[in-house]
Each structure stands twice: as C-alpha cells, then as structure tokens.
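The primary structure of each chain is shown beneath.
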Amino acid sequence: METKLHSFLNSNLLNKYLVGETSYEETKEVEFFINNYPEAAEAYEKLQSNLELIAKAGAVDVPNHILGNILDALEDTNDTKVIQLVQNRKTPWYSIAATAAAVLFAATTFFLYQKNQGLIDENNVVVEEIYDLRSDIEKNNTMLTELSIELNKLNNPDARKYIINGNERAKDLKTVAYINPVEKTSMIDVVTLPQLPEDEHYQIWAELQDRMVKLGILDKSDRKLKPIPYMEDALALSIKIGKNGDAPNENNTEVAEISLKEE
C-alpha cells in the first residue's frame with residue numbers, strides 16, 4: 001500500500017483535482033487517498049495553500065482552459081457527475097479572486113454613489129445661490145428703475161425746487177419740495193428733522209386762498225423722496241408740529257414756511 005501511496009503522490013492527480021480537471025474515477029481515487037492517508041491530505045493542503053498565496057499576490061492568471069471546462073460541464077446535461085466533497089476542503093483560489101473582485105466592485109460603486117450625491121448637493125446649493133442672486137438683481141433693478149423715475153422728475157425742466165428751512169423753533173429743520181405744475185406732481189425730500197417728544201409729530205400743510213390743507217406727516221425715517229398731494233392753487237407750504245391723536249388743526253405751531261408765489 002505504501003507503494004501505491006508513493007505512486008499517487010508522484011502522480012499529477014492532486015494538481016488536476018485542485019483545478020477541477022480530474023475525471024469521475026480520478027476524483028474518487030484522489031478523495032480516497034486524502035481521506036485515508038494523512039500524507040496525501042497534507043500534500044493536498046499544502047498545494048491548496050500555495051495556490052491561494054499565489055492568487056492573492058496576483059502572480060498567476062486563471063488558466064483559460066478552466067473556464068472552458070466549467071462551461072462544457074454545464075452544457076453536458078446528459079452526463080451528470082457526482083462528486084463527494086472532502087470535509088474541510090478550502091475554497092479554490094479562483095473563487096477567492098472572484099469574491100475579491102465583487103467586493104472591489106461594490107466598494108467602487110458605493111464610492112461613486114457617494115461622490116455623485118455630493119455633486120448633486122453642491123449643484124443644488126449653486127442653483128439656490130443663482131436664484132438668490134437673480135432675486136437680488138431683480139430687486140436692485142426695481143430700485144434703480146424707481147430711482148431713475150425720481151431723478152427724471154427732479155431733472156424735469158418743468159419741476160420747481162423749494163428749500164424749506166426751519167424758523168427759530170426748529171433751526172435744524174430742512175426739507176426740499178419739488179413741484180411740477182405741468183405734470184401736476186409734488187414730492188418732498190426730508191433732509192433733517194429735529195427730535196420731538198414722543199407725543200408730537202411734524203405735519204406739512206398747503207396754504208390756499210381761503211383755507212389750509214394738510215398734505216401728510218413727515219418723519220425722519222422718510223429719508224427719501226416722498227410723494228405728497230399736488231395742490232394746484234397752493235400759495236405756500238408750511239410745516240407744523242401737531243399732537244398725536246389730535247384732529248388736524250391749522251393753528252398748530254408753525255416751524256417752517258415757503259411761499260410758492262412767483263415773484
């Protein structure tokens with residue numbers, strides 16, 4: 001029996017079995033020796049370990065004929081082969097390589113997915129910033145349009161400019177009125193308004209031939225051109241101090257006045 005074992009170990013059956021090239025009879029013979037002779041089992045384990053190390057190092061490609069043998073075996077449905085598996089048999093090296101390739105593919109796919117999600121998030125941020133910028137541009141354009149209209153009104157040769165300065169009761173008061181009798185528009189620009197008690201405010205009045213007409217309330221927060229009603233027959237404009245909550249009273253304290261009569 002030792003002679004048969006020696007002949008078996010010197011043959012190429014273990015190598016053929018390891019790569020799946022043994023016939024049915026050869027497979028039975030190899031598995032008999034592996035199961036019954038420690039020397040054969042040890043030789044098989046050693047061969048398998050060496051092949052796994054080579055596969056991991058990438059030193060040897062999978063033999064082309066192995067794939068052909070596997071495909072032939074799958075197509076040969078009439079010749080069913082029964083192979084008794086050996087306990088503790090290690091995974092063939094080409095299976096390990098396939099598993100490693102699958103893991104690498106999954107990791108690469110996950111990495112690309114994360115990178116793509118990052119690009120999508122960055123793109124959404126850029127789109128939002130573009131919308132915000134577009135909104136700011138539209139607001140600025142609206143403001144520029146309004147300012148252009150106001151400047152056109154001020155530069156209109158038919159517009160008349162009246163500077164209204166405060167009297168002794170409000171020396172720091174200064175406003176500018178722009179009246180266009182052709183377009184029948186009036187605007188006032190608040191330059192400076194002295195501080196008043198919380199229960200008082202400034203009022204602007206138009207003096208007509210027979211009465212006084214209140215045109216509105218002035219506040220220092222109105223630091224821009226403010227439209228006021230146009231009074232065609234106005235003789236003068238005046239600024240008065242009134243009490244909050246009181247009815248309009250033309251006898252309130254007057255702090256500034258400008259005549260609109262042409263000299």
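Figured I'd write up the structure that's included with this text.

### Some remarks on the sheet that holds strand β6 (residues 225–228)
Part 1 of the argument: A sheet is described by the order of its strands in space; here 4 strands give the open sequence β1-β2-β3-β6, paired in antiparallel fashion. Of all the strands in the sheet, just β1 (160–165) and β6 have a single pairing partner and so form its edges. Each strand of the sheet is rotated relative to its neighbour by a mean of 25 degrees, with strand direction disregarded.
Part 2 of the argument: Direction of pairing for β1 relative to strand β2 (residues 174–180): antiparallel, over a ladder of 6 bridges. What sits directly across from Arg160, in β2, is Ile179.

### So, the nonpolar core
Part 1 of the argument: Formed by 25 residues in total, the largest nonpolar core has its most connected members in Leu173, Tyr202, Leu215, Leu218, Leu237, Ile239 and Val255.
Part 2 of the argument: For this core, the secondary-structure elements that each account for two or more residues are β1, β2, β3 (185–192), β4 (200–207), β5 (212–218), β7 (236–243) and β8 (253–259).
Part 3 of the argument: When sequence neighbours within four positions are dropped, the list of residues in contact with Tyr202 reads Leu173, Leu193, Pro194, Leu196, Gly216, Ile217, Leu218, Ile239, Lys240, Ile241 and Val255.
Part 4 of the argument: Leu5, Val30, Ile34 and Tyr44 belong to the second-largest nonpolar core, a separate cluster that totals 12 residues.

### Observations regarding the packing of aromatic side chains
Part 1 of the argument: Applying the stated criterion across every chain, the model contains 5 aromatic pairs.
Part 2 of the argument: Arranged with centres 5.6 Å apart and planes meeting at 80 degrees, the rings of Phe32 and Phe33 form a pair that is edge-to-face.
Part 3 of the argument: In this structure Phe33 comes out as buried when scored by relative accessible area, which is 6%.
Part 4 of the argument: The rings of Phe8, Phe32, Phe33 and Tyr37 are connected pair by pair, giving a single aromatic cluster.

So, how was this worked out
- Residues numbered from 1 in each chain as written.
- Predicted model: local features only at pLDDT ≥ 70, side-chain atom pairs only at ≥ 80, totals over all residues.
- Heavy atoms only, no water.
- Pairing = 2+ DSSP bridges.
- Helix = DSSP H or I, 4+ residues; strand = E, 2+ residues; numbered from the N terminus.
- Axes fitted to C-alpha atoms, helices over the stretch in contact; angles between N-to-C directions.
- Core = buried A, V, L, I, M, F, W, Y, C linked by side-chain atoms within 4.5 Å.
- Buried < 20%, exposed > 50% of the residue type's maximum accessible area, 1.4 Å probe, protein only.
- Contact = heavy atoms within 4.5 Å.
- Phe/Tyr/Trp six-rings, centres within 6.5 Å; stacked < 30°, edge-to-face > 60°.

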